[in-house]
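Here is what each chain is made of, one letter per residue.
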Amino acid sequence: AQKVTQAQTEISVVEKEDVTLDCVYETRDTTYYLFWYKQPPSGELVFLIRRNSFDEQNEISGRYSWNFQKSTSSFNFTITASQVVDSAVYFCALPDSNYQLIWGAGTKLIIKP
Amino acid sequence: ETGVTQSPTHLIKTRGQQVTLRCSSQSGHNTVSWYQQALGQGPQFIFQYYREEENGRGNFPPRFSGLQFPNYSSELNVNALELDDSALYLCASSVGRSNSPLHFGNGTRLTVT
């Protein structure tokens with residue numbers, strides 16, 4: 001069965017610091033997708049990235065980057081030069097065989113000014 | 001492009017009552033998924049509708065039911081409300097039964113007293 005573990009419950013850093021959110025997953029599928037979503041205090045879940053297991057290249061989007069390592073079943077998310085607006089709960093997710101997302105417990109990120 | 005909209009934003013009900021939550025999907029999306037998110041936890045999949053038919057269901061009792069209409073909007077109905085039903089209910093739309101990203105609404109905060 002699919003499983004997603006986000007071991008960091010809460011992370012607090014000062015603005016402009018870099019921060020990495022960890023995601024470890026379990027799956028028996030040979031091909032799969034992984035997702036990251038952001039949930040700001042307003043409550044709406046915002047899609048950040050979808051990564052196919054075939055593609056192990058790191059992805060960068062502005063201050064955001066993702067490190068996918070199939071060998072360690074990890075899909076970590078790094079924010080460079082963090083800003084107060086990055087404060088949110090971040091979820092990692094993995095679809096099951098019916099395309100339903102299995103979610104991690106989330107990591108609450110607090111960026112202090 | 002119109003995003004996913006949910007109504008109402010907040011709702012307070014008494015134990016034993018019934019509630020209907022509504023969701024309008026994003027333009028061009030034919031699939032709607034409903035999630036329940038308790039405070040401090042990740043979303044839990046309730047069910048998904050694709051072209052007006054239920055396409056997968058999570059571990060929720062039959063008193064949770066839903067509908068999808070020809071315009072792809074959807075309703076979530078909960079009968080015989082229990083205190084544990086208090087949560088944020090999130091609707092997400094997507095394209096087809098696939099690994100396409102989910103686009104979420106702002107949610108309905110349900111409080112059962």
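Before reading on, note that the structure itself is shown above.
The structure displayed is predicted, hence computed values, not measured ones.

(A) Highlighting the overall build of chain A. The helix and strand tally for chain A stands at zero helices and 12 strands. For 113 residues, the compact-globule estimate of 2.2 N^0.38 gives 13 Å, and chain A sits close to it at 14 Å. Based on the C-alpha atoms only, the size of chain A along its principal axes is roughly 45 × 25 × 20 Å. Expressed as a percentage of the 113 residues in chain A, the buried residues total 42%. Sequence-distant contacts, at least 24 apart, represent 53% of the contacts inside chain A between residues at least 6 apart.

(B) Geometry of the interface of chain A and chain B. Taken together, the contact between chain A and chain B spans 18 residues of the former and 21 residues of the latter. Seen at the junction of chain A and chain B, the total is four residue pairs in polar contact (both at pLDDT 80 or more). Mapped by element, the contributors of at least two residues to the side of chain A that touches chain B are strand 5 (33-39), strand 6 (46-52), strand 10 (88-95) and strand 11 (101-103) of chain A. Per element, the largest residue contribution to the side of chain A that touches chain B is four residues, and it comes from strand 5 of chain A. Classifying every residue of the side of chain A that touches chain B by side-chain character gives 11 nonpolar, five polar and two charged.

(C) Local environment of the pattern of salt bridges. All names here are of chain B. Counted under the stated rule, the structure contains six salt bridges over all chains. Across the pair Arg-22 and Glu-75 runs a salt bridge, and its minimum N-O distance is 3.5 Å. With Arg-22 in strand 3 (residues 19-24) and Glu-75 in strand 8 (residues 74-78), this residue pair connects regions lying 53 residues apart in the sequence. Taking the shortest distance from any N to any O, the salt bridge between Arg-57 and Glu-54 comes out at 3.4 Å. The structure contains a network of salt bridges with shared partners spanning Arg-63, Glu-82 and Asp-85.

(D) How the structure looks around unusual backbone geometry. The linkage connecting Ser-7 of chain B with the following residue, Pro-8 of chain B, adopts the cis geometry, with an omega of -10 degrees. Of note, Ser-73 of chain A is a non-glycine position whose phi angle comes to about 50 degrees, a positive value. Considering the arrangement of structural elements, one finds Ser-73 of chain A in the loop between strand 8 (64-69) and strand 9 (74-79). A positive phi angle is found at Arg-51 of chain B, which is not glycine, with a value near 50 degrees. Summarising the element assignment, Arg-51 of chain B is placed in the loop between strand 5 (44-50) and strand 6 (53-57).

(E) The environment of Ser-73 of chain A, seen in detail. Residues and elements named next belong to chain A. Under the relative-accessibility criterion, Ser-73 is labelled partly exposed at 24%. The spatial distance from the C-alpha of Ser-73 to the C-alpha of Cys-23 is 8.4 Å, given a sequence separation of 50 residues. Residues within four places of Ser-73 in sequence aside, it is in contact with Cys-23, Val-24 and Tyr-25.

(F) Up close: the state of the cysteines. All told, the structure shown has two disulfides over all chains when counted by the stated rule. Each sulfur of the disulfide joining Cys-23 of chain A and Cys-92 of chain A lies 2.0 Å from the other. Negative torsions about the S-S bond denote left-handed disulfides, and the value of about -65 degrees found for Cys-23 of chain A with Cys-92 of chain A makes this one left-handed. Here Cys-92 of chain A lies in strand 10 and Cys-23 of chain A lies in the loop between strand 3 (19-21) and strand 4 (24-26), a separation of 69 residues in the sequence. Both residues of the pair, Cys-23 of chain A and Cys-92 of chain A, count as buried. Linked covalently through their sulfurs, Cys-23 of chain B and Cys-91 of chain B form a disulfide whose S-S length is 1.8 Å. Sign of the S-S torsion, about -65 degrees for the bond between Cys-23 of chain B and Cys-91 of chain B, identifies this disulfide as left-handed.

Calculation notes
- Residues numbered from 1 in each chain as written.
- Chains lettered and ligands numbered in written order.
- Predicted model: local features only at pLDDT ≥ 70, side-chain atom pairs only at ≥ 80, totals over all residues.
- Heavy atoms only, no water.
- Helix = DSSP H or I, 4+ residues; strand = E, 2+ residues; numbered from the N terminus.
- Rg over C-alpha atoms; globule rule 2.2 N^0.38 Å.
- Buried < 20%, exposed > 50% of the residue type's maximum accessible area, 1.4 Å probe, protein only.
- Contact = heavy atoms within 4.5 Å.
- Polar contact = N/O pair within 3.5 Å; in protein donor to acceptor, adjacent residues only side chain to side chain.
- Nonpolar A, V, L, I, M, F, W, Y, C, P; charged D, E, K, R; others polar.
- Salt bridge = Lys/Arg side-chain N within 4 Å of Asp/Glu carboxyl O.
- Disulfide = S-S within 2.5 Å.

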